[in-house]
Amino acid sequence: MRTKILGTGSFVPEKVLTNFDLEKIVDTSDEWIRTRTGIIERRIADENTPSSELALKASERALDMAKISPDQLDLIIVGTVTPDYMFPSTACILQNKLGARKIMAYDQSAGCTGFIYAIRQADAFIRSGMAKYALAIGVEELTKITNWTDRSTCVLFGDGAGAAVLGPADDEDEAGILATYAAADGSLGDLLIQQAGGSAMPASHESVDKNLHTIYMNGNEVFKHAVRSMEEAALKGLELSGIPMEKLNWLVPHQANIRIIDFLARRLKLPMEQVVVTIDKYGNTSASSIPIALDEAVRDGRIKEGDYVLLVAFGAGFTWGSAMIRW
Ligand code: UT7
């Protein structure tokens with residue numbers, strides 16, 4: 001039995017923050033940001049809009065495309081490192097906002113790999129028969145945990161949400177998730193971390209004064225691991241699915257840096273025309289970057305029925321993974 005993606009949806013907030021806006025906040029330039037990252041602008045959620053609101057809009061669009069109503073869902077998995085609260089989970093908040101039944105709903109923290117982890121889990125639940133229809137979401141409001149005085153990180157991130165509705169494929173259906181792969185290496189966690197706010201360092205005046213509730217990243221080190229791990233994840237996705245590279249139609253990579261994406265495409269010998277890129281418009285939206293890119297490429301007709309689509313991610317943890325999907 002195979003799991004199929006029945007619908008996708010995404011949502012980004014209206015407010016745009018350009019590189020030129022950032023030039024007024026920190027010592028940076030549009031030229032540096034464009035050439036070192038590929039980012040031109042990003043979206044920012046306002047202070048009264050929590051992650052669950054972005055997730056709700058993306059989910060409604062995905063359910064609409066799938067022609068599935070919220071009360072048909074058996075499972076909601078939200079990948080996020082910027083939940084509405086430490087608890088209750090954003091998935092529970094979303095279950096209520098959607099008006100879904102009293103089904104299992106949980107968040108999981110896999111950084112930018114959150115959506116890959118979510119669809120891998122949803123796939124397992126569906127194929128085991130424990131769920132029929134599942135909603136997998138990546139949502140993030142990284143700009144709410146950004147240190148706006150640190151030019152090495154504050155230029156990178158944006159907010160958004162992407163969702164997919166998954167369900168069982170018909171027997172004669174060739175479309176579906178062909179393989180997923182996921183990995184983690186906790187020994188490198190300190191390189192990309194929000195240090196305060198958890199049980200290791202509860203909130204204090206000092207933690208706030210020292211900006212320890214914001215993102216810390218050793219960019220150079222993370223970059224090196226990202227290129228290596230994304231290549232490994234991509235090759236695993238090909239190997240586990242048995243789909244040769246020549247048959248691949250689309251690569252949908254995590255959008256952290258255009259140089260990482262370029263590197264991955266070159267290693268796979270895939271022309272950039274077959275890579276879905278949104279980093280110029282949205283920056284790094286962490287767990288939501290892949291489902292947003294996927295949804296845009298599905299809706300604008302680039303990804304068509306029968307296409308082989310490879311999703312590849314890397315993120316905090318470290319975590320990394322991939323999914324090979326026949327559309
Ligand atoms: O999503 C999860 C995974 N995340 C990633 O994969 C991100 C991986 N890392 C990266 O994408 C890159 O490392 C960054 C974009 C974060 C940084 O790019 P880089 O080419 O590695 O720059 P760098 O940190 O080596 O810095 C080079 C120079 C430094 O100046 P000096 O020391 O050479 O004088 C920095 O101070 O660029 C300077 N710099 C900036 N200059 C202007 C750093 N940030 C900025 C900035 N504007 N915003």
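Residues numbered from 1 in each chain as written. Predicted model: local features only at pLDDT ≥ 70, side-chain atom pairs only at ≥ 80, totals over all residues. Heavy atoms only, no water.

Draft legend 1. The packing of helix α3 (residues 51–66) against helix α11 (residues 289–299), seen in detail. The contact between α3 and α11 brings their axes to 13 Å, and the two run at 40°. Our classification of the angle between α3 and α11 gives oblique. Both α3 and α11 take part in a crossing whose hand is left-handed. Of the residues in α11, those in contact with Arg 61, Ala 62 and Met 65 of α3 are Asp 295, Val 298 and Arg 299. (Axes fitted to C-alpha atoms, helices over the stretch in contact; angles between N-to-C directions. Helix = DSSP H or I, 4+ residues; strand = E, 2+ residues; numbered from the N terminus. Parallel < 35°, antiparallel > 145°, perpendicular 65-115°, else oblique. Left-handed = near helix turned anticlockwise from the far one by under 90°. Contact = heavy atoms within 4.5 Å.)

Draft legend 2. Seen up close, the pattern of salt bridges. Inspection of every chain in the model, using the stated rule, returns 14 salt bridges. In this structure, Asp 27 engages Arg 151 in a salt bridge whose closest nitrogen and oxygen atoms are separated by 3.7 Å. Placement of the pair is Asp 27 in the loop between α1 (19–23) and α2 (30–37) and Arg 151 in helix α6 (residues 151–154), with a sequence separation of 124 residues. For Asp 27, a relative accessible area of 62% corresponds to the exposed category. Residue classification places Arg 151 among the partly exposed positions, given a relative accessible area of 49%. (Salt bridge = Lys/Arg side-chain N within 4 Å of Asp/Glu carboxyl O. Buried < 20%, exposed > 50% of the residue type's maximum accessible area, 1.4 Å probe, protein only.)

Draft legend 3. Examining the sheet that holds strand β13 (residues 319–326) more closely. The strand order across the open sheet built from 4 strands is β8-β13-β12-β11, with neighbouring strands paired in mixed fashion. Single-partner strands in this sheet number two, and they are β8 (176–184) and β11 (250–253). Put simply, the sheet's adjacent strands are angled 10° from each other on average, direction ignored. Relative to β13, β8 is paired through 8 bridges, and the arrangement is antiparallel. (Pairing = 2+ DSSP bridges.)

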